[in-house]
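Examination of the molecular architecture
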Amino acid sequence: MATITDTTDDRITARAQEIATTEMARLLANTTASKAMFERALHSMPGGVSSSFQLGEPYPIYLRDGHGAEVTDVDGHTYYDFHNGFGSMAVGHANPIVAEAIEKAARTGTHFAVTTEAAVALAEELCRRFGAEQVRLTNSGTESTSSCIRVARAATGRDVICKIEGSYHGHVDQLMYSVLPGADVMGGRDEPATVPKSKGVPAGMAQWIRVVPFNDADAFERLLHAEGDQIAAIIMEPVMMNIGIVLPRPGYLEQMRELCTKYGVVLIFDEVKCGATIAAGGAAERFGVQPDLASWAKAIGGGTAIGAFGGRADIMDQINQGAAHQGTFNGNPLSAAAALATLTKVLTPEAYRHFDAMGSRLSGGMDESIATYGIPAHTIDLGCKGCVSYRRDPLTNYRDFLDTNTDLYLASYPWMVNRGVFMTPGDEEQWTLSVQHNETHIDRYLDAFAEFCAALAN
Ligand SMILES: Cc1ncc(COP(=O)(O)O)c(C=O)c1O
């Protein structure tokens, strides 16, 4: 028998479908220059974009510039930006401190492929902030996670890598498994299947990958019991951030830490999204668990292409013992200067207090609208990062994400963009705040979201 909540949710879903149709028509009518740019770009780039994460349906919005917490699209519409470069722009756009650092570096030599003092100072700051003994610099998150895996395999002499079902760690062959797998192929809850995400990945690669559910240390222990002596590392986001946000259950990260120590498995935290956003020292600081290795990118660079990885000196020493780590642009002076300015002058303790205040204003205000209108949704607030997921209860793992109401997301995206709030084009993403967001920006989001909830409940 249908409960009252079921019928209310059905009504809200039907209303969301109507809203999606009318709001998307309005969005498309207002973005004709983006459509023209898309048609032009299709000739030179697959899908008309530089990365498949930048795709949009039926075409993406193309941006022209950004200042502070605002971005302007090629049609000339200015939005308050909550997409924020998929979490890279905690400094806000055209941040004057970062711009000055880049400009100064540009005038004194943009690249040498020789280590500079800025790169050394950046490595020191990364070690200090993230509690690492040694780090190396890269150009992206993908390079950072791949490099962690290389040194973990070298340190243990083992080949198998374990990852969490539903997580994304970059688009290299060895990590493109069970990233948002379909319900028809994902296997049983306790023993998820190893599902390739991309065409072009050699079938034999799967023999080196194992997949376990998030928030389930028992499943990881069963795997270690069966084949722990084969497993080099587990790579995991300590808080999952590519399916909305999934918090670790109390004690879960500590259990994972203990199991890794017991079985000699390298614990790798992928902090590409949470490092330098959810706390100065990322998830390791916020949740109080130290990994053996970690990868960082996105927000550490203030909008430049940089990444880093590091942790225990005895493991990083594998790079001196024959584990290859190279890269022409590693430690590039422009990105090293930008990252150093970002971490030492912009993302200060004051910045994290600001994120906490803005984040709780945003999620607190949204929670009020969700409660007032009975919307099947919840918010998660981690200061600089947060999200709304269209499910009444918080998610505990990837399988809960499959239970979210995509109709509500599909209605919310054009609704918010049409009201001047720029969002990520996918229900698995979150918002990112910057030091340049203030109450005016937050309140625009809150007003648009309150109207959205009212329209859904109407
Ligand atoms: C958790 C996580 N790890 C790694 C990556 C890959 O980073 P990049 O896109 O800089 O290569 C991403 C990118 O979104 C990510 O979210």
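Preceding this paragraph is the structure being described.
This write-up is about the structure you can find in this document. Fair warning: this is a prediction, and the values are worked out from it, not measured in the lab.

1. Here's the deal with the overall build of the protein chain
Along the backbone of the protein chain there are 15 helices and 14 strands. Along the three orthogonal principal directions, the C-alpha set of the protein chain runs to about 65 × 60 × 45 Å. Pairs at least 24 residues apart make up 72% of the contacts formed inside the protein chain by residues separated by at least 6 positions. Total accessible area on the protein chain stands at roughly 19200 Å², and carbon and sulfur atoms take up 52% of it. With 36 positive and 55 negative side-chain charges, the protein chain shows a spacing of 3 Å between the two charge centroids.

2. Quick notes on the site of the ligand
If you check the shell around the ligand, you find Ser 140, Gly 141, Thr 142, Tyr 168, His 169, Gly 170, Glu 237, Asn 242, Asp 270, Val 272, Lys 273 and Lys 298 and nothing else. Within the side chain of Asn 242, a nitrogen or oxygen atom sits 3.1 Å from an oxygen atom of the ligand. At 2.6 Å, a side-chain N or O of Asp 270 approaches a nitrogen atom of the ligand. Considered class by class, the residues forming the shell around the ligand number 2 nonpolar, 6 polar and 4 charged.

3. A short note on the nonpolar core
Across soluble globular proteins, nonpolar side chains show a tendency to be buried alongside one another. If you look at the biggest cluster of nonpolar residues, it comprises 98 residues, and the most contacted ones within it are Phe 82, Phe 220, Ile 234, Tyr 445 and Phe 449. When residues of this core are assigned to their parent elements, the largest contribution, 9 residues, is made by helix H15 (residues 439–457). Among the nonpolar cores identified, the runner-up in size contains 17 residues, and Ala 232, Val 266, Ile 268 and Phe 309 belong to it.

4. Digging into the pattern of salt bridges
Enumeration over the complete set of coordinates arrives at 20 salt bridges. Measuring nitrogen to oxygen at the nearest pair gives 2.8 Å for the salt bridge that ties Arg 361 to Asp 443. With a gap of 82 residues between them, Arg 361 in helix H12 (residues 349–373) and Asp 443 in helix H15 connect regions that are remote in the sequence. Judged by relative accessible area, Asp 443 falls into the partly exposed class, the value being 24%. In this structure, Arg 391 and Asp 403 form a salt bridge, with 3.4 Å as the shortest nitrogen-oxygen distance. Residue Arg 391 is located in the loop between strand E12 (385–389) and helix H13 (398–401), and its partner Asp 403 is located in the loop between H13 and helix H14 (406–418); the two are separated by 12 residues in the primary sequence. By relative accessible area, which is 14% here, Arg 391 ends up buried.

5. Here's the deal with the packing of aromatic side chains
Per the counting criterion, the structure on display carries 13 aromatic pairs. Ring centres 6.3 Å apart and planes at 35 degrees place the aromatic pair Tyr 398 and Phe 401 in the tilted group. Taken together, the residues span about one helical turn, with Tyr 398 and Phe 401 both in helix H13 at a distance of 3 residues. There is no split in this pair, since Tyr 398 and Phe 401 are both buried. Residues Tyr 409 and Tyr 413 carry aromatic rings whose centres are separated by 6.5 Å and whose planes lie at 40 degrees to one another, so their mutual orientation is tilted. Taken together, the residues span about one helical turn, with Tyr 409 and Tyr 413 both in helix H14 at a distance of 4 residues.

6. Some points on helix H6 (residues 141–156)
The first and last C-alpha atoms of H6 sit 23 Å apart over 16 residues, in line with the 22 Å expected at 1.5 Å per residue. Here H6 has its buried residues at Gly 141, Thr 142, Ser 144, Thr 145, Ser 146, Ser 147, Cys 148, Ile 149, Val 151 and Ala 152. Where H6 begins, one side-chain oxygen reaches toward the backbone nitrogen of Thr 142, 3.5 Å away; that side chain belongs to Ser 140. Positive phi appears at Gly 157, one or two residues downstream of H6, with a value of about 70 degrees.

7. Things to note about the pairing of strand E1 (residues 63–67)
When a strand is regular, its side chains alternate between the sheet's two faces. Bridge analysis of E1 against strand E2 (residues 70–73) gives 4 bridges, and the strand direction is antiparallel. Residue His 67 lies in a different strand from E2, and its bridge partner there is Glu 70.

8. A closer look at the state of the cysteines
Summed over the entire model, instances satisfying the criterion amount to 0 disulfides. In this structure Cys 148 is not part of a disulfide, and its nearest cysteine sulfur, from Cys 274, lies 13 Å away. Left unpaired, Cys 274 is separated from the closest cysteine sulfur, that of Cys 384, by 11 Å. Cys 274 gets classed as buried once you look at its relative accessible area, which sits at 0%.

9. What to know about the environment of Ile 102
Structurally, the position occupied by Ile 102 is in helix H4 (residues 96–106). Beyond its immediate stretch of four places on either side in the chain, Ile 102 contacts Thr 304, Leu 334 and Ala 338.

10. A short note on the environment of Tyr 445
Structurally, the position occupied by Tyr 445 is in helix H15. In sequence terms Tyr 445 and Asp 81 are 364 residues apart; their C-alpha atoms lie 9.8 Å from each other. The residues contacting Tyr 445, other than those within four sequence positions of it, are Phe 82, Leu 362, Met 366, Met 416, Val 421, Met 423 and Trp 431.

11. What to know about the sheet that holds strand E3 (residues 78–81)
The strand order E1-E2-E3-E13 describes an open sheet built from 4 strands, whose pairing is mixed. Because the sheet does not close on itself, it has two edges, and the strands there are E1 and strand E13 (421–422). Sheet topology note: the E2/E3 ladder contains 3 bridges and is antiparallel. Residue pairing for E3: Glu 70 is matched across the bridge by Tyr 80.

12. Let's talk about the packing of H12 against H15
Look at H12 against H15: their axes get within 9 Å of each other, and the N-to-C directions meet at 15 degrees. Between H12 and H15, the interaxial angle falls into the category roughly parallel. As for the relative orientation of H12 and H15, their crossing is right-handed in sense. When H12 is examined against H15, the residues Met 358, Arg 361, Leu 362, Gly 365, Met 366, Ser 369, Ile 370 and Tyr 373 are found in contact with a partner set consisting of Glu 439, Ile 442, Asp 443, Tyr 445, Leu 446, Phe 449, Ala 450, Cys 453, Ala 454 and Ala 457. Class assignment of the residues belonging to the contact of H12 with H15 gives a composition of 13 nonpolar, 2 polar and 3 charged.

13. Regarding the packing of helix H7 (residues 217–227) against helix H8 (residues 252–263)
Between H7 and H8, the least distance of the axes is 10 Å, while the angle of their chain directions is 10 degrees. Taken together, the axis directions place H7 and H8 in an arrangement best described as roughly parallel. Each of Ala 217, Phe 220, Glu 221, Leu 224 and His 225 in H7 lies in contact with H8, whose residues at this interface are Tyr 252, Gln 255, Met 256, Leu 259, Cys 260, Lys 262 and Tyr 263. Among the residues making up the contact of H7 with H8, the classes are represented as 8 nonpolar, 2 polar and 2 charged.

Calculation criteria
- Residues numbered from 1 in each chain as written.
- Predicted model: local features only at pLDDT ≥ 70, side-chain atom pairs only at ≥ 80, totals over all residues.
- Heavy atoms only, no water.
- Helix = DSSP H or I, 4+ residues; strand = E, 2+ residues; numbered from the N terminus.
- Contact = heavy atoms within 4.5 Å.
- Areas by Shrake-Rupley, 256 points an atom, 1.4 Å probe, with all protein chains shown as cover.
- Lys, Arg positive; Asp, Glu negative; His and termini not counted.
- Charge placed at Lys NZ, Arg CZ, Asp CG, Glu CD.
- Near = heavy atom within 4 Å.
- Polar contact = N/O pair within 3.5 Å; in protein donor to acceptor, adjacent residues only side chain to side chain.
- Nonpolar A, V, L, I, M, F, W, Y, C, P; charged D, E, K, R; others polar.
- Core = buried A, V, L, I, M, F, W, Y, C linked by side-chain atoms within 4.5 Å.
- Buried < 20%, exposed > 50% of the residue type's maximum accessible area, 1.4 Å probe, protein only.
- Salt bridge = Lys/Arg side-chain N within 4 Å of Asp/Glu carboxyl O.
- Phe/Tyr/Trp six-rings, centres within 6.5 Å; stacked < 30°, edge-to-face > 60°.
- Expected span 1.5 Å × (residues − 1).
- Pairing = 2+ DSSP bridges.
- Disulfide = S-S within 2.5 Å.
- Axes fitted to C-alpha atoms, helices over the stretch in contact; angles between N-to-C directions.
- Parallel < 35°, antiparallel > 145°, perpendicular 65-115°, else oblique.
- Left-handed = near helix turned anticlockwise from the far one by under 90°.

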